[in-house]
Amino acid sequence: MDYLAKRIYWTDARSDSIHTTLYDGSEHHEIIRGHQYLSHPFALAIFESHIYWTDWRSSSVIRANKWNGSDVQIIERTISKPFGIKVVHPSLQPKAKTTHSCKIDNGNCSHLCLLGFNQTKQCACPHIMRLSEDNITCEENKVMLLFSGQNEIRGVDISKPYHHIIPPIPPPHAVLPSHINFLASEKQIYWLDEAGPSWPNLQRIRKATVIGDDNRVKVVMDIELPDSSLKSAGLALDWISRTIFYTSIDEDRSDSSSIYASRLDGTGVVRILSLPSIVKGLLVLPPLGLLFWHDIEIENNTETIKLARMDGTSIQTVFTLQRNN
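Predicted, not measured: the structure shown is a model, and the values here were computed from it. (Residues numbered from 1 in each chain as written. Predicted model: local features only at pLDDT ≥ 70, side-chain atom pairs only at ≥ 80, totals over all residues. Heavy atoms only, no water.)

1. Things to note about the sheet that holds strand β21 (residues 257-263)
Right, on to step 1. Across the sheet, which stays open at both edges, the four strands sit in the order β19-β20-β21-β22 with antiparallel pairing between neighbours. Here the strands that pair on one side only, and so sit at the sheet edges, are β19 (235-238) and β22 (270-275). The sheet shows a mean angle of 20° between the axes of neighbouring strands, taken without regard to direction.
Right, on to step 2. Note that β19 and strand β20 (residues 243-249) share four bridges and pair antiparallel. For D238, the partnering residue across the bridge sits in β20 and is T243. (Pairing = 2+ DSSP bridges. Helix = DSSP H or I, 4+ residues; strand = E, 2+ residues; numbered from the N terminus. Axes fitted to C-alpha atoms, helices over the stretch in contact; angles between N-to-C directions.)

Structural data, given as structure tokens:
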């Protein structure tokens with residue numbers, strides 16, 4: 001960006017060229033193309049009468065005249081491919097010539113005030129909040145749709161699914177996330193995940209806070225898996241007693257599994273149930289003190305939904321389905 005000339009500049013790595021136009025896209029000008037030091041440009045910066053760019057093929061930082069591309073010089077060689085580039089000087093952040101619309105009382109916005117064109121502004125809201133009908137006040141968005149895919153977890157506004165309420169959680173913090181749970185009182189997401197390709201026999205329970213300053217993804221606990229093609233999977237969160245319920249294949253028998261409970265930080269683990277089946281899903285109903293699970297009995301070739309009290313007693317069968325061979 002050239003604030004004095006009111007021009008924008010960009011690189012085209014496909015044609016190995018640098019271009020510029022006015023802010024409205026008019027007066028397009030190609031500054032330089034096909035030069036030996038412009039073989040794979042990545043990023044650029046403008047200062048005074050020069051343009052600076054990083055080049056991957058030559059692993060160097062280069063400058064030239066910003067008007068006609070002349071006087072090309074290498075000013076720095078790098079060991080590896082250089083990426084971003086930035087010139088730091090107060091003149092590159094010019095002050096507003098008039099009082100901008102966000103200066104007084106934050107533009108009357110309760111949270112963020114975003115400057116617009118020609119002295120306009122727009123109020124905006126942080127994560128887990130939405131703009132109310134008055135267009136200046138942020139209110140808590142209590143309805144969020146969470147979904148996971150390979151290498152990511154996303155949270156969107158259920159009424160506006162194109163609007164991301166939280167930033168996506170990317171790898172390596174999300175490998176193959178599933179069984180997502182939400183602790184509303186702490187604004188925390190819990191999920192069951194793979195540890196990564198280097199640990200094929202290790203599952204992890206991870207958590208992240210979706211609002212506030214500390215949004216780092218943390219590991220709650222590791223769950224070791226036996227060398228078996230069968231895997232048990234299940235995670236449920238009791239928001240009243242603040243307890244995690246999870247499953248794991250038994251080490252001595254690959255066709256059986258257990259349901260465990262622990263504190264939210266992964267400590268105080270206790271076995272609730274030992275089952276002659278592979279648990280594939282968990283669900284808790286804390287107000288009634290009930291625990292539901294879906295399991296597969298290999299020997300009988302059946303799938304069953306069962307329930308019990310949350311201490312593992314009074315097991316009942318809700319539904320049974322005979323599996324096809």
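2. Considerations on the side chain of T243
Right, on to step 1. For T243, the position within the fold is in strand β20.
Right, on to step 2. Residue classification places T243 among the buried positions, given a relative accessible area of 16%.
Right, on to step 3. At 2.9 Å, the side chain of T243 and the side chain of S241 are in polar contact.
Right, on to step 4. Apart from residues no more than four positions distant in its own chain, T243 is found in contact with A236, L237, D238, A261, S262 and L264. (Buried < 20%, exposed > 50% of the residue type's maximum accessible area, 1.4 Å probe, protein only. Polar contact = N/O pair within 3.5 Å; in protein donor to acceptor, adjacent residues only side chain to side chain. Contact = heavy atoms within 4.5 Å.)

3. Some thoughts on the sheet that holds strand β16 (residues 188-194)
Right, on to step 1. Here four strands make up an open sheet; going across it, the order is β15-β16-β17-β18 and the pairing antiparallel. With one partner strand each, in any of the chains shown, β15 (178-183) and β18 (217-224) form the two edges of the open sheet. The sheet shows a mean angle of 20° between the axes of neighbouring strands, taken without regard to direction.
Right, on to step 2. Sheet topology note: the β16/strand β17 (residues 202-209) ladder contains seven bridges and is antiparallel.

4. Considering the packing of aromatic side chains
Right, on to step 1. Applying the stated criterion across every chain yields a total of four aromatic pairs.
Right, on to step 2. Relative to W56, the ring of F42 has its centre 4.9 Å away and its plane inclined at 15°; by these criteria the two rings are stacked. In this pair, F42 is assigned in strand β4 (residues 41-47) and W56 in the loop between β5 (50-55) and β6 (60-65), connecting sequence segments 14 residues apart.
Right, on to step 3. Using a relative accessible area of 38% as the deciding quantity, one classes F42 as partly exposed.
Right, on to step 4. Members of the aromatic cluster, each reached through a chain of ring pairs, are F42, W56 and F83.
Right, on to step 5. Over the face of the ring belonging to W199 we find R204, whose NZ or CZ atom lies 5.6 Å from the ring centre. (Phe/Tyr/Trp six-rings, centres within 6.5 Å; stacked < 30°, edge-to-face > 60°. Lys NZ or Arg CZ within 6 Å of the ring centre and 35° of its normal.)

5. Description of the side chain of S58
Right, on to step 1. Looking at the secondary structure, you find S58 in the loop between β5 and β6.
Right, on to step 2. Classification of S58 by relative accessible area gives buried; the value is 18%.
Right, on to step 3. At 2.6 Å, the side chain of S58 forms a polar contact with the side chain of S60.
Right, on to step 4. Once residues within four sequence positions are removed from consideration, S58 is found in contact with S39 and R77.

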